[in-house]
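Chain by chain, the residues run as shown.
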Amino acid sequence: MHTSSKLTKEFTKKWLKGLQICCSSKKDMDVLERKKKIKLCADIALASAKNATTSWSIALISEAKKNDENEILVDNLLGPESRFKQQNIIRQMNSCHKRVRSKKILKKSCSISQRMKKMGPPKSNLAAYIAKRLVKKRTQVLQRLVPGGESMDEFSLIKEALDYILSLRVQVDVMRNLANATEVLNQSNSSNVFD
């Protein structure tokens, strides 16, 4: 696991490199395109800063690789050993898809027990039934929030969500610091113009 300062340095370096690649590839971008490129660069930089060692980082990279326009950006940010990583990512994503298919088959085979559950909770364990439903709903929400979360079990999902939250915090801190530095530079430049 990365330390926060090491992750911050690695993310900053890769994010700025990604922004340079995006800016050089297309000069005239409207605000929406620019926003999407900044987000894409930030996501890929964050995932590559984690060296594609987590499921969420693998999911972000594989999602970005689906679009041919992003391939140059992904390859540059992953570095020279990216071919090895790409094969590793493909293998891991295939195993995730197999898990999803297995879960779907299992769900279909359990349809009878689900019908029984829909008939209503047993009167004696109403509190336990409500708690289980609440946990299930919140788990489903968490699966949608964490990239690649649909194919994870509950334990892996919580572990990945915690790592993803910490990584997003680093991403936000770097972006906030960059925005503050830009604002300070703009203020000092505008005060120099009026002097």
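Quick caveat, the model's predicted, so the values are computed rather than measured.

Colleague: Got a minute to help me understand the packing of helix 2 (residues 31–49) against helix 3 (residues 55–65) in this structure?
Modeller: The geometry of a pair of packed helices is captured by two quantities: the angle between their axes and the separation between those axes. Relative orientation of the contacting elements helix 2 and helix 3 amounts to 135°, with a least axis distance of 8 Å. As summarised for this structure, helix 2 and helix 3 are arranged oblique, according to the angle between their axes. For helix 2 against helix 3, the interelement crossing comes out left-handed. Of the residues in helix 3, those touching helix 2 at Leu40, Asp43, Ile44, Leu46, Ala47 and Ser48 are Trp56, Ser57, Leu60, Ile61 and Ala64.

Colleague: So what exactly am I meant to see when it comes to helix 4 (residues 71–78) here?
Modeller: Each α-helix turn comprises 3.6 residues. Residues three or four places apart therefore point the same way. For helix 4, every residue scored as buried is listed here: Leu73, Val74, Leu77 and Leu78. The arc that holds every buried residue of helix 4, seen down its axis, measures 120°, which confines them to one face.

Colleague: What's the story with the side chain of Ser48 in this structure? I'm lost.
Modeller: Of note, Ser48 is situated in helix 2. Classification of Ser48 as buried rests on a relative accessible area of 0%. In this structure, Ser48 is in contact with Lys14, Ile61, Leu77 and Leu78, ignoring residues within four places of it in sequence.

Colleague: Please explain the packing of aromatic side chains as it appears in this structure.
Modeller: Two descriptors summarise a pair of aromatic rings, namely the distance from one centre to the other and the angle between the planes of the rings. For the structure on display, the rule yields 2 aromatic pairs. Relative to Trp15, the ring of Phe11 has its centre 5.7 Å away and its plane inclined at 10°; by these criteria the two rings are stacked. Taken as a pair, Phe11 and Trp15 lie in helix 1 (residues 4–25) at a separation of 4 residues, close to a single helical turn. Comparing Phe11 with Trp15, the two get one shared label, buried.

Colleague: Can you walk me through the nonpolar core in this structure?
Modeller: One broad trend across soluble globular proteins is that nonpolar side chains are buried collectively. If you look at the biggest cluster of nonpolar residues, it comprises 31 residues, and the most contacted ones within it are Phe11, Trp15, Ile44 and Leu73. Elements that contribute at least two residues to this core include exactly helix 1, helix 2, helix 3, helix 4 and helix 8 (154–194). The leading source of residues in this core is helix 2, at 8 residues. Once residues within four sequence positions are removed from consideration, Trp15 is found in contact with Ile38, Cys41, Ala42, Ala45, Val174, Met175 and Leu178.

Colleague: When you look at the packing of helix 1 against helix 2 in this model, what are you seeing that I'm missing?
Modeller: At a minimum axis separation of 8 Å, helix 1 and helix 2 run at an interaxial angle of 140°. The pairing of helix 1 with helix 2 is recorded here as oblique in orientation. In the crossing of helix 1 with helix 2, the sense of the turn from one axis to the other is right-handed. Side by side, helix 1 and helix 2 meet where Leu7, Glu10, Phe11, Lys14, Trp15, Gly18, Leu19 and Cys22 of the first sit next to Lys37, Ile38, Cys41, Ala42, Ala45, Leu46, Ser48 and Ala49 of the second.

Cut-offs used in this document
- Residues numbered from 1 in each chain as written.
- Predicted model: local features only at pLDDT ≥ 70, side-chain atom pairs only at ≥ 80, totals over all residues.
- Heavy atoms only, no water.
- Axes fitted to C-alpha atoms, helices over the stretch in contact; angles between N-to-C directions.
- Helix = DSSP H or I, 4+ residues; strand = E, 2+ residues; numbered from the N terminus.
- Parallel < 35°, antiparallel > 145°, perpendicular 65-115°, else oblique.
- Left-handed = near helix turned anticlockwise from the far one by under 90°.
- Contact = heavy atoms within 4.5 Å.
- Buried < 20%, exposed > 50% of the residue type's maximum accessible area, 1.4 Å probe, protein only.
- Arc of directions from axis to C-beta.
- Phe/Tyr/Trp six-rings, centres within 6.5 Å; stacked < 30°, edge-to-face > 60°.
- Core = buried A, V, L, I, M, F, W, Y, C linked by side-chain atoms within 4.5 Å.

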